[in-house]
Amino acid sequence: MQVRRVRARCAALRALAIRDQRPNPVSTMKEVTRVVREFLLLAVVGVSVGLIANALNPNGLSLRRNYFTKPVVSRGSARPYSGPGTNHGTQTGPASRAADTQMTASGGGGETGGRNTAKTGTDPSEQMTEDEMVQRLRDLGFQALYHHEVVDIFSSPYRADGLYVIIDARTEQHYRSGHIPGAYHLDHYYLDRTVGKVLEACRMADKIVVYCNGGVCEDSELAVGDLLERGIPFDRLYIYAGGFTMWAGDGMQYEVGERNSGELVWDVPASGGQASEGAAK
Amino acid sequence: MNSEPGLIRRLYRSGALMVFCRLAIGLLFVYMGFKKAMDPVTFLKLVREYEMFPDNIWWLLNFTVATLPWVEILCGLLLLLGIAHRGTALLVMVMLSVFTPMIWLRGLGIHDAEHIPFCRIIFDCGCGAGPVNFCWKMAENIALFLAAALILFSRIHRFYLRVEFVR
């Protein structure tokens, strides 16, 4: 009798516990409303924190600037490169005349045909031949250069005189990890940090070569737009189509750290397809 | 009859599973968020590749890129500390349910264009970890979504600083 009573009490308690665990529609609705309110509050707080942090971050973005405004260039104005020093039909300065003479003597780089058909780019969507890269830029209205033409410009004595200027339009991190020796740095996204020195050099120059990583990277196009906006004539501005990927990939020396740091390195393509690294001071 | 609960159930009841989910999402979101917040230009370029916004509303792209990493960091910190975990889990689920289809579409685009098998596609999705394997990324996002759902729907509240943010 006693045992039966205890069992009945246990069963009643179990039933009570099960009833308590059942979701109550009213409390569930309240809980859903509470979670949704919490979610909305967090979203607002998160966005506010984001805006404040972005304003305080030295690398923060400007919310008022369209970073991807492409320069307005006339499609007819782009023309094939005709060798260092011979690009300005109207140029009459001593520098250009000297350059003409020099390149005539060396027979330099007038051809625009595709010499290099090597594929570049690490992204599968960016596998392009050099011809395709040059053509793409010319279709956009820019003056594009092949790798061998940039090598000619790089080797020219007029580069040392400041008549030819090479500009790296990649990020500071990329620039510091390796750039064409003597190249200036122009960061389109943080223009105020770099544009001063670059403009000074560009005003003196006859020919300005801008590069980024090559392929479909837009930073060189955007940098050309920045220079055009600041009064540098279009006919002096060229884009190196293959960019730094092609420069380093061809085993050319590059400089690490600051401009003119003197720390030169180069990737030596090994037979197994891997690159080893050399260094020179 | 053996009435001992299974390992997963014991972990769930003890709150250890929830703590693991919170730690996994929290640490990942804080790390990824910081990486994006410290290099907003790279993030801007990568987000632009998704073509989420038309060119004429560029300000929305800037706004998204400027704020999103910090929302992620906030979510990560709140989950680690156990504050407002349900609202945070819902926010994480909403973000993942926007990002994951976008990454899927991007992978599909690369697959169609380059004829590369899905699990051999490696690209930078802008998630903060650099180039990643497409299949791994999808699996990671689904796992994170399920973990966030577990946090949202669980009735086990242990090892939390404060359960509710809004009353």
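Residues numbered from 1 in each chain as written. Chains lettered and ligands numbered in written order. Predicted model: local features only at pLDDT ≥ 70, side-chain atom pairs only at ≥ 80, totals over all residues. Heavy atoms only, no water.

1. Some points on unusual backbone geometry
Despite not being glycine, A:Asn260 has its phi angle at roughly 60°, a positive value. Mapped onto the secondary structure, A:Asn260 falls in the loop between strand 6 (254–255) and strand 7 (264–269). (Helix = DSSP H or I, 4+ residues; strand = E, 2+ residues; numbered from the N terminus.)

2. Brief notes about the interface of chain A and chain B
Much of the literature gives interface size as the accessible area that the parts lose upon coming together. Taken together, the 38 residues of chain A in the interface contact 39 residues of chain B. Both faces combined, the contact of chain A with chain B buries some 3,300 Å², and carbon together with sulfur accounts for 69% of it. At the junction of chain A with chain B, the criterion picks out three salt bridges. A salt bridge links B:Arg86 to A:Glu31; the shortest N-O distance between them is 2.2 Å. Scanning the region where chain A abuts chain B turns up seven residue pairs in polar contact (both at pLDDT 80 or more). Of all the elements, helix 2 (residues 25–56) of chain A adds the most residues to the side of chain A that touches chain B, at 18 residues. (Contact = heavy atoms within 4.5 Å. Buried area = accessible area lost by both parts, 1.4 Å probe. Salt bridge = Lys/Arg side-chain N within 4 Å of Asp/Glu carboxyl O. Polar contact = N/O pair within 3.5 Å; in protein donor to acceptor, adjacent residues only side chain to side chain.)

3. Details of the packing of aromatic side chains
Per the counting criterion, the structure on display carries 13 aromatic pairs over all chains. A ring pair is formed by A:Tyr211 and A:Phe244, whose centres lie 6.4 Å apart and whose planes are at 20°; its orientation type is stacked. You can see A:Tyr211 sitting in strand 4 (residues 207–211) and its partner A:Phe244 sitting in helix 10 (residues 243–249), a full 33 residues away along the chain. You'll find A:Tyr211 and A:Phe244 in the same group, each marked buried. Measuring from centroid to centroid gives 6.3 Å for B:Phe123 and B:Phe134, while their planes differ by 40°, and the two rings are tilted. Taken as a pair, B:Phe123 in strand 1 (residues 122–124) and B:Phe134 in helix 6 (residues 134–153) lie far apart in primary sequence, eleven residues in all. The exposure class assigned to B:Phe123 is buried, which follows from its relative accessible area of 1%. Taken together, the ring pairs connect A:Phe154, A:Tyr211, A:Tyr240, A:Phe244, A:Trp247 and A:Tyr254 into an aromatic cluster. For A:Arg170, the ring lying beneath its charged end belongs to A:Phe244, and the centroid distance is 4.2 Å. Its end group placed over the ring of B:Tyr50, B:Arg106 keeps NZ or CZ at 5.3 Å from the ring centre. (Phe/Tyr/Trp six-rings, centres within 6.5 Å; stacked < 30°, edge-to-face > 60°. Buried < 20%, exposed > 50% of the residue type's maximum accessible area, 1.4 Å probe, protein only. Lys NZ or Arg CZ within 6 Å of the ring centre and 35° of its normal.)

4. Topic: the packing of helix 2 (residues 16–38) of chain B against helix 6 of chain B
Residue and element names in this part refer to chain B. Between helix 2 and helix 6, the least distance of the axes is 10 Å, while the angle of their chain directions is 130°. Taken as axis vectors, helix 2 and helix 6 run oblique relative to one another. In this structure, helix 2 crosses over helix 6, and the sense of that crossing is left-handed. Contacts from Leu17, Met18, Cys21, Arg22, Ile25, Leu28, Phe29 and Met32 of helix 2 reach helix 6 at Lys137, Glu140, Leu144, Ala147, Ala148, Leu150 and Ile151. (Axes fitted to C-alpha atoms, helices over the stretch in contact; angles between N-to-C directions. Parallel < 35°, antiparallel > 145°, perpendicular 65-115°, else oblique. Left-handed = near helix turned anticlockwise from the far one by under 90°.)

5. Focus: the sheet that holds strand 4 of chain A
Residues and elements named next belong to chain A. An order of 1-5-4-2-3 is seen for the five strands of this open sheet, with the pairing classed as parallel. Unpaired on one side and paired on the other, strand 1 (144–145) and strand 3 (184–185) mark the two borders of the sheet. Across two bridges, the pairing between strand 2 (residues 164–168) and strand 3 is parallel. Residue pairing for strand 3: Ile167 is matched across the bridge by Tyr184. (Pairing = 2+ DSSP bridges.)

6. Quick word on the environment of A:Arg34
Relative to the helices and strands, A:Arg34 is located in helix 2. Within polar-contact distance, the side chain of A:Arg34 engages the side chain of A:Glu31 at 3.0 Å.

7. Here we look at the state of the cysteines
Residue and element names in this part refer to chain A. Across all of its chains, the model carries three disulfides over all chains by this definition. Each sulfur in the disulfide pair Cys212 and Cys217 lies 1.7 Å from the other. The chirality of the disulfide connecting Cys212 with Cys217 is right-handed, given an S-S dihedral of about 100°. In terms of burial, Cys212 and Cys217 fall into one category: buried. (Disulfide = S-S within 2.5 Å.)

8. Description of the pattern of salt bridges
Summed over the entire model, instances satisfying the criterion amount to 13 salt bridges over all chains. With a shortest N-O distance of 2.5 Å, A:Glu218 and B:Arg48 are connected by a salt bridge. Within this pair, whereas A:Glu218 is found in the loop between strand 4 and helix 9 (219–229), its partner B:Arg48 is found in helix 3 (residues 40–48), the two belonging to separate chains. The network of salt bridges with common partners includes A:Glu31, A:Arg34, A:Glu38 and B:Arg86.

9. Here we look at the layout of surface pockets
By volume, the second largest pocket amounts to about 600 Å³. What lines the second largest pocket is a set of 33 residues, among which B:Lys36, B:Leu68, B:Glu72, B:Met95 and B:Phe99 lie closest to the centre. Those elements that place two or more of their residues in the lining of the second largest pocket are helix 2 of chain A together with helix 2, helix 3, helix 4 (58–81), helix 5 (85–114) and helix 6 of chain B. Broken down by element, the residue count for the lining of the second largest pocket peaks at eight residues, all from helix 5 of chain B. (1 Å grid on protein atoms, 1.4 Å probe; cavity = no way out; pocket = protein on both sides within 12 Å on 5 of 7 lines; lining within 4 Å. Points joined across faces, edges and corners; volume = space filled by probe spheres on them.)

This is a description of form; function is not addressed.
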